[in-house]
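# A closer look at the structure
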Amino acid sequence: MAIKFSVPRGTYDILPDISYKWEYVTKVFRDVAREFNYKEIVTPIFENSNIFERSVGATSDIVEKEMYKFEDKKGRSFALRPEGTAPVVRSFIENGLNLKPNSSKLYYLGPMFRYDRPQKGRYRQFYQYGIENIGSTNVYNDAEAIAFAYSFLTRLGLQNFELQINSIGCKKCTQDYDNALKEYFTPNIDSLCSDCRNRLIKNPKRVLDCKVKTCKIIASNAPSMIDYLDEDCQRDFEKVKEYLNVMNIPFIVNAKIVRGLDYYSQTAFEFIDTNLGAQNTLIGGGRYNTLAEQLGGKNLPGIGFAGGFERLLLSMEQENSSFGLPQIPKVYLVTLGEEAVSKGIELLSKLRKNGISTEYDPDKISMNAQMKMANKTEAGFALILGKNELENNIIILKNLATGEQKNVNLTKIIELMKDI
Ligand code: HAM
């Protein structure tokens, strides 16, 4: 029996009819990164699993249920990275980037892995774009990170999204708030889902993030974090809002944003697509002032965000955004007869060396078959070379949109093609 292989559940192939869309959004992301002076960092796809346990948090869903954890041949525990912040901070500390100029603002692109129930907009291997700005507590950086995300989404032509911000306070405010939440939820503990009963003991804020309907209803009147912010956190939050206003970035305050990862403190934000279904968070981010210490580094506060490419593409498709043009060759080379093949290949090589994208299919022999292919590839021009043309040192240049054609001297064709 023939074996039939398929991609693992929750993963997918990026095929040519989509890959040009990826290329487009990646390019726009890199353009925005350059404008904000963020530089690329690439870290390994797997890391010591401790890195995530210590930072993302042992009680988070990601570490508790979703991590692809494995032992290597020497029994060392690794994990496929479920997110990018902890690895970037690990690298920042390891490479002493705080001591190197122009190295504090970093961006990354790449696959992340979470073992979750796959659905529209949620995958087990998904691709994130993200930034981290490490080393300063100045909340201008919070506003700048948000502005970066906002610029990116608007540059892609998206409109149906909403920026929601919150402050989840520092450690001190969090303790008071956690106590208030425990007091609020405990009388209803039997109505909470089993996850939330656990959360109430280990990390009560996460109950606010639960998607289960009864938990949501109970949480709707819970005390608000904003009322528990101390003076410093309140002042910082006001400043973030002020800077966003100055930059003309619309936002709403949503006191229920807590983020699902434990390393956050103070500013937390999400960009929500108001039209997507359940998986509607395009981008999530926030400040993490103690993460570096949890990874054995010194005091290196940071702020950043990440978003998933999959949801971004879904949003763009829903809003009929442009993905730029799919890749099409400028020239399709047609050779007729054995003699023309060698000269044709020589020309093909010259065209490509001169930056002119050119397609050629050596398996198609007849004029008819080659012209059909030329039209299928949507090339702008066909260059047709046969025995007669060779003898006269010319080539036929055909505009495939208008059907117009003319003879061009073979020695002049490269220069001409560069100009049109
Ligand atoms: P996160 O909220 O876990 O944050 O993920 C950020 C974004 O990644 C989500 O808003 C969503 O667009 C996308 N995403 C997450 N899980 C999946 C999935 N299973 N399938 C498809 N897309 C997904 C972080 O990862 C933080 N590291 C963000 C950050 C950077 N905070 C500070 N710096």
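Below is a summary of the structure that appears in this document. (Residues numbered from 1 in each chain as written. Predicted model: local features only at pLDDT ≥ 70, side-chain atom pairs only at ≥ 80, totals over all residues. Heavy atoms only, no water.)

What follows is about the nonpolar core. In terms of nonpolar packing, the biggest core is built from 63 residues, with Tyr129, Leu153, Phe185 and Phe271 touching the most fellow members. It is helix α5 (residues 140-155) that provides the largest number of residues to this core, a total of 9 residues. With sequence-adjacent residues up to four places away left out, Leu153 is seen in contact with Tyr129, Leu158, Phe161, Phe271, Leu282, Ile283 and Leu312. Core analysis: the second largest hydrophobic core is formed by 28 residues, Ala79, Leu106, Tyr288 and Leu291 among them. (Core = buried A, V, L, I, M, F, W, Y, C linked by side-chain atoms within 4.5 Å. Buried < 20%, exposed > 50% of the residue type's maximum accessible area, 1.4 Å probe, protein only. Helix = DSSP H or I, 4+ residues; strand = E, 2+ residues; numbered from the N terminus. Contact = heavy atoms within 4.5 Å.)

This part covers the packing of aromatic side chains. This model, assessed by the stated rule, comprises 25 aromatic pairs. Measuring from centroid to centroid gives 5.3 Å for Phe29 and Phe148, while their planes differ by 50°, and the two rings are tilted. In this pair, Phe29 sits in helix α1 (residues 16-35) while Phe148 sits in helix α5, placing the two residues 119 residues apart along the sequence. Classification of Phe29 as buried rests on a relative accessible area of 0%. Classification of Phe148 as buried rests on a relative accessible area of 0%. (Phe/Tyr/Trp six-rings, centres within 6.5 Å; stacked < 30°, edge-to-face > 60°.)

Before going further, it helps to spend a moment on the site of the ligand. In the vicinity of the ligand lie 27 residues, with Glu83, Thr85, Glu132, Arg259 and Tyr264 positioned nearest. Thr85 is positioned such that a nitrogen or oxygen atom in its side chain is 2.8 Å from a nitrogen atom of the ligand. A distance of 3.1 Å separates an oxygen atom of the ligand from a polar atom in the backbone of Leu282. Looking at the shell around the ligand, the elements that each hand over two or more residues are β6 (125-134), β10 (281-287) and β11 (302-308). The element best represented in the shell around the ligand is β10, accounting for 6 residues. The class makeup of the residues in the shell around the ligand is 11 nonpolar, 10 polar and 6 charged. (Near = heavy atom within 4 Å. Polar contact = N/O pair within 3.5 Å; in protein donor to acceptor, adjacent residues only side chain to side chain. Nonpolar A, V, L, I, M, F, W, Y, C, P; charged D, E, K, R; others polar.)

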